[in-house]
Amino acid sequence: MEVKMEKITKIFPSRDKKDKAEVVAVNDFSFEVPDGSLVCLLGPSGCGKSTLLYMICGLETPTSGRINFGEQDVTDLPAEKRGVGLVFQNYALYPHLTVRQNIKFPLENLKGEERPTKEEMDKRALEAAKLVQIDGLMDRKPGQMSGGQQQRVAIARALVKMPKVLLMDEPLSNLDARLRLQTREEIRRIQRETGITTIFVTHDQEEAMSISDMIVVMKDGVLHQTGKPQEVYDNPVNLFVAKFLGTPAINVFEGKVKNENLYIGEEAVLEVKGVEDKDVWVGIRPEGFDPDENGRFTCKMQGIDVMGRDISVVCRNMASKEVIRAIVSAENDVKASSMEVKFNIKPHKTFLFDKTTEERIRF
């Protein structure tokens, strides 16, 4: 099912008695989720991604704009009529019910012709449980299960209705690191097997990039960039997107362009043809440094973190307030005892941004 959002805005009244200013949670948001895809809404806490998700499922009503499922306008349709499945951050399972009863619960609430027979309910509950690989735990109660198992029950409960759209609001936040990795792989597998259009909310960029067909990067209720994860990583449209994606984070320097050369401090580190003379922000991905004893960019050595196949060279430069991390092959002969380290900069891993607007300057 294709999901289309057209100029969606959500404004909440102020809760502050002194400050009467309204809160714009989502601002003029337009985006189309392709049928059968898994799309991640990605952004920092408070950027409006969960509010947008709740408007899609019908728990919130847009102040303005329209939401369409395929050719159907669902903006004013009650949540129970939209055919969506919703998985919350907290599992929201009934502790006194078994796994089977929790999964069947949405079916038991259906009325009239929509309500399946008891046999059909049991069959669909078992099919949903098999899909998330908990069919051997049907008679357990939530308190007898791990966090990862409980989250699978919540996913099975959302799937049992055979929804047109599956919505997931930070479903992995309460899991430990290992379970997060396992569960996100399961979510990707389930989505591919079912082909259900899925919208996944997260603030974890690694999570979003690893499982999604497309990511939507948001900040302050505004859409900043959309695209395939690798495309967005390789071609950020502004400094916010560049800083938000990537682990370790992108290294940011104050720089200037003079005579089509990029200067960081007093060193001309890169030729940037076609760029006019101006002060800029310079973003260099950690993998964008190439150690070279005759390199054009000099940093003060602080240490080396051994990562196995690669090493992380930790250093400083006066043009950056933060510690610089350069990820290079362990085969490079970089000595932690050195006073300084020199690099050449890889052009395709280097981005320039306007000092005022922070928009990308291409070269």
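Keep in mind that this is a model prediction, so the values were computed, not measured.

Enquirer: Any chance you could explain the overall build of the chain here in plain terms?
Expert: Across its full length, the chain carries 8 helices and 21 strands. With the principal axes as the frame, the chain shows a C-alpha extent of 75 × 45 × 40 Å. Expressed as a percentage of its 363 residues, the buried residues of the chain come to 47%. The contacts of the chain with a sequence gap of at least 6 include a subset with a gap of at least 24, amounting to 66%. Accessible area of the chain: about 18400 Å², with a carbon and sulfur share of 47%.

Enquirer: Which parts of the structure should I look at to understand the environment of Glu267?
Expert: Relative to the helices and strands, Glu267 resides in strand E13 (residues 267–271). Between the C-alpha atoms of Glu267 and Asp28, which are 239 residues apart in sequence, the distance is 43 Å. Setting aside residues no more than four positions away along its own chain, Glu267 makes contact with Leu262, Arg296, Phe297, Thr298 and Lys342.

Enquirer: What is the right way to read unusual backbone geometry from this model?
Expert: Glycine aside, residues mostly have negative phi angles, and peptide bonds mostly take the trans form. Following Thr247, the chain continues into Pro248 via a peptide bond in cis, with omega recorded as -5 degrees. One can find Pro248 in the loop between helix H8 (239–244) and strand E11 (251–258). The backbone of Asp28 shows a phi angle near 50 degrees, a positive value even though the residue is not glycine. Along the chain, the position of Asp28 falls in strand E2 (residues 23–33). Under the relative-accessibility criterion, Asp28 is labelled partly exposed at 44%. Positive phi values are uncommon outside glycine, yet Ala92 reaches one of about 55 degrees. Turning to its location among the elements, Ala92 is positioned in the loop between strand E6 (84–87) and helix H2 (99–108).

Enquirer: Explain the pairing of strand E4 (residues 64–69) here, please?
Expert: As a general feature of sheets, a regular strand has side chains that alternate between the two faces. Looking at chain direction, strand E1 (residues 3–12) and E4 are connected through 5 bridges and run antiparallel. Bridge assignment links Glu6 to a residue of E4, and that residue is Arg66. In the sheet, E4 pairs with strand E5 (residues 72–73) via 2 bridges, with the strands oriented antiparallel. Its bridge partner lying in E5, Phe69 is registered against Gln72. Joining the antiparallel neighbours E4 and E5 is a turn of 2 residues, in which Gly70 adopts a positive phi near 65 degrees.

Enquirer: Which parts of the structure should I look at to understand the side chain of Thr98?
Expert: Inspection of the secondary structure assignment puts Thr98 in the loop between E6 and H2. Look past the residues within four positions of Thr98 in its chain and what remains in contact with it is Met138, Asp139, Arg140 and Lys141.

Enquirer: Looking at this model, I keep getting lost on the sheet that holds strand E19 (residues 340–345). Mind explaining?
Expert: Remark on secondary structure: sheet strands pair via backbone hydrogen bonds, oriented parallel or antiparallel. Strand order in the open sheet formed by 5 strands is E15-E19-E16-E17-E18, and the pairing between neighbours is antiparallel. Of all the strands in the sheet, just strand E15 (289–291) and strand E18 (324–329) have a single pairing partner and so form its edges. Each adjacent strand pair in this sheet contributes to an overall mean axis angle of 50 degrees, direction not counted. The pairing of strand E16 (residues 297–306) with strand E17 (residues 310–316) spans 6 bridges and is antiparallel. Bridge pairing in E17 places Val306 opposite Ile311.

What counts and what doesn't
- Residues numbered from 1 in each chain as written.
- Predicted model: local features only at pLDDT ≥ 70, side-chain atom pairs only at ≥ 80, totals over all residues.
- Heavy atoms only, no water.
- Helix = DSSP H or I, 4+ residues; strand = E, 2+ residues; numbered from the N terminus.
- Buried < 20%, exposed > 50% of the residue type's maximum accessible area, 1.4 Å probe, protein only.
- Contact = heavy atoms within 4.5 Å.
- Areas by Shrake-Rupley, 256 points an atom, 1.4 Å probe, with all protein chains shown as cover.
- Pairing = 2+ DSSP bridges.
- Axes fitted to C-alpha atoms, helices over the stretch in contact; angles between N-to-C directions.

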